[in-house]
Amino acid sequence: MLAGPLVANLIWMATSARAEISVRTGTQRSERPVAGVAHPVIEVVSLHKAYGATVAVEDVSFAVAEGEIFGILGPNGAGKTTTVECLSGLRVPDRGTVRVLGVDPQRQRHVIREWVGVQLQEGSLRGKLRVGELVDLFASFYTHPADARELLDLLDLTSKRGDYYKSLSGGQKQRLSIALALIGNPKIAILDELTTGLDPQARRETWGLIETIRDRGVTIVLVTHFMDEAERLCDRVALIDAGGVIAMDSPLGLAEREGGGNHMRFHPSRPFDDALLTALPEVDRLDHQGDRIVVGGTGDLLNAVISALASANIEAKDVQLESATLEDAFVRLTSHRSENSNGDGRR
Amino acid sequence: MSVGAATIPGRPRRLALRKLTVLELKLAWREPVGLILGVAVPIMLLLIFGLSSSFQKRIVAGNPITWRTELAPVLIGLVLVLIALISLPIPIVSQRENRFLRRLSTTPVSPSWLLAAQVAVNLLLALVAIVMIVVGDSVFFGVDAPQQVAGFILSVLLATMSLFALGLVVAAVARSARAAGAMGSVLLYPLLFFAGLWQPRQRMTPLMLHISDLTPLGAAVHAMLNSMQGSFPTLGSLAVMAGWTAIAGFAAVKLFRWE
């Protein structure tokens, strides 16, 4: 009777020895372009995946650091879901290397399934099961599950323990699916289209929750096509379009670098020569809209303009400042890419 | 990365399998499709037909088989068909449809465990119904219990296996729960027809009888009737059921999609 567990242990020892080898090869690989991330828990190099003649993912590379909220952004059909399905071992890449927690998700599925929590896009559970039953069921799948009671508390579902899944609201269902992604105490949580279909209130609550979960030490990969969500939550984002990564940076960095700069509008206290401002390094362009001046530029535009005006004894009234957003960056990058199909921004 | 040093993969998670089965049992009670169709309906039919005196008559003059004798095998066939073709595949397909099988494959347990739980619960339903029919028939209506017990159990077992295999083919190929329901019903009627639900085997024409013998349910009723009357089921009827089990089982495994 004891032979079964013994054999299982031996197999495990054999496979974990292989895991350590792949960890080493994994770190050697990270000398290449995806380096720059200190302690990567996910490394993807030149991932390629096609379904028949349709290329879903073409040369995607990125690395995710431990404890990060990493956003994978892109329009519908860009290849985001396929990319994360390769991370969770649900899909076999055609080419390229994927390392999650140092192992190949295809070779060491048990490691991925134990340590990576997944929330699927548009999944649903059986309507006549109660919240508590579902959480207990999923807890029984894992070797060292989280405390179900504490998790339900965290997700504000304690009062719903005895309710049928089908009676939950959209936000509650979403919170439950987050709970089920976290019940195994994962090191990484992959959340796909987290807030699609939620009302603004529920979205904000969910965002707060994700930050709490990150603070507990879980690395989060967030798939989204909502720019505001990425801006609010992500430490870094990879923009994916038509199967390739077209840019990767912090949301703020991307917005500043690729968003087309900031805009400042004001009424000057008296007319002045445009050259006063266009000479400034921060200013790219200047337009007149009736009495109003619109200045576009980058960097510390506001201070540069105000001090230049002040030195000429001009006062700026009704000042409005508009910063470039991640959305601006995204629109510019994707339209740039469609003009130049080789996508030189790609890495 | 320090990967899962504390994990022992492949540890049989009996707790998970038990929980899955218990929840499927609870669902069988909360969404009692199988319970009503597969257990309540056949037992109601047994009561209705069993109480009717016209069922004492012989089906064919000179042949000892009465309508009531043939009732139990046909009702057992009805139980098996309803459970295997309706109650079994629909939840499996709907759980593939709503991506629950896929969700399970991201966890340490395999989605095949859910299928196992589903099969187990439906086997239990079938067992309950069959026992109630056999016991009810002999206790309340004085029909002799099967004379050839081993042959009867073997017949029921093979009938169950062949029909469950057929039900799993439906689960494998149907794209939606609705399609599964439609496919199940389309298969249901010819199977029941050739089992003799409308026209007992004794009154079938030679051609019909020949077709009946080649269907899993016709063969099952034939085998059960034989063993109820004390003779071992014919090798032919057992072979037909075994053949259906093998072919349908193979097809189900080959065709099954997890997403």
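Residues numbered from 1 in each chain as written. Chains lettered and ligands numbered in written order. Predicted model: local features only at pLDDT ≥ 70, side-chain atom pairs only at ≥ 80, totals over all residues.

Asks: So what exactly am I meant to see when it comes to the overall build of chain B here?
Replies: If you tally the helices and strands in chain B, you get eleven helices and zero strands. A globule of 259 residues ought to have a C-alpha radius of gyration of about 18 Å, and chain B, at 20 Å, matches this closely. With the C-alpha coordinates of chain B rotated into their principal frame, the extents come out at 80 × 35 × 30 Å. Taken across its 259 residues, chain B has 47% of its residues classed as buried. Of the contacts made within chain B by residues no fewer than 6 positions apart, 77% connect residues no fewer than 24 positions apart. (Helix = DSSP H or I, 4+ residues; strand = E, 2+ residues; numbered from the N terminus. Rg over C-alpha atoms; globule rule 2.2 N^0.38 Å. Buried ≥ 20, exposed ≤ 12 C-beta atoms within 10 Å, placed from the backbone. Contact = placed C-beta atoms within 7 Å.)

Asks: Mind showing me how you'd approach the sheet that holds strand β12 (residues 292-297) of chain A here?
Replies: Strands in a sheet are paired, the pairing made by backbone hydrogen bonds, and the direction either parallel or antiparallel. Residue and element names in this part refer to chain A. Reading across the sheet, the four strands line up as β11-β12-β10-β13 and stay open at both edges, with antiparallel pairing between neighbours. Looking at the sheet topology across the chains shown, the edges are occupied by β11 (283-289) and β13 (316-322). On average, each strand axis in the sheet is tilted by 20° relative to the strand beside it, whichever way the strands run. The pairing of β11 with β12 spans six bridges and is classified as antiparallel. Within β12, the position partnered with Gln-289 by the bridge is Arg-292. Strand contacts of helix α11 (residues 301-311): β10 (262-268), β12 and β13, with the helix running at about 25° to β10, the strand carrying the most contacts. (Pairing = 2+ DSSP bridges. Axes fitted to C-alpha atoms, helices over the stretch in contact; angles between N-to-C directions.)

Asks: Whenever I open this one, the nonpolar core confuses me. Can you help?
Replies: In terms of nonpolar packing, the biggest core is built from 153 residues, with A:Ala179, A:Ile188, A:Ile220, A:Val221, A:Leu222, B:Val79 and B:Leu166 touching the most fellow members. Setting aside residues up to four positions removed in sequence, A:Ala179 forms contacts with A:Val135, A:Leu151, A:Leu152, A:Leu155 and A:Leu157. Counting eight residues, the second-largest nonpolar core is a separate cluster that includes A:Phe266, A:Val295, A:Leu301 and A:Val305. (Core = buried A, V, L, I, M, F, W, Y, C linked by C-beta atoms within 7 Å.)

Asks: Just to check I follow, could you spell out the confidence of the model for chain A for this structure?
Replies: Where the model shows low pLDDT, its predicted coordinates should not be examined in detail. All names here are of chain A. Residues with a pLDDT of 70 or more make up 86% of chain A, whose mean pLDDT is 81. Confidence scores differ between elements of chain A, with helix α1 (residues 3-29) showing the lowest mean pLDDT of 38 and helix α4 (residues 131-139) the highest of 94. Contacts for the low-pLDDT stretch residues 1-35, under 50 throughout, to residues beyond four places or in other chains number 37 contacts. (pLDDT = per-residue confidence, 0-100.)

Asks: It is not clear to me how the environment of A:Val283 should be interpreted in this structure. Could you clarify?
Replies: Residue and element names in this part refer to chain A. Its location among the elements puts Val-283 in strand β11. Sequence separation of Val-283 and Phe-138 is 145 residues, and the distance between their C-alpha atoms is 57 Å. With residues up to four places along the chain from it excluded, the contact list for Val-283 reads Leu-277, Thr-278, Val-295 and Gly-297.

Asks: Got a minute to help me understand the confidence of the model for chain B in this structure?
Replies: Residue and element names in this part refer to chain B. With 91% of its residues at a pLDDT of 70 or more, chain B shows a mean pLDDT of 86. In this model residues 1-10 is a low-confidence stretch, pLDDT under 50, and it forms 24 contacts with partners more than four residues away in sequence or in other chains. For this predicted complex, the interface score ipTM comes out at 0.83, while the overall pTM is 0.78.

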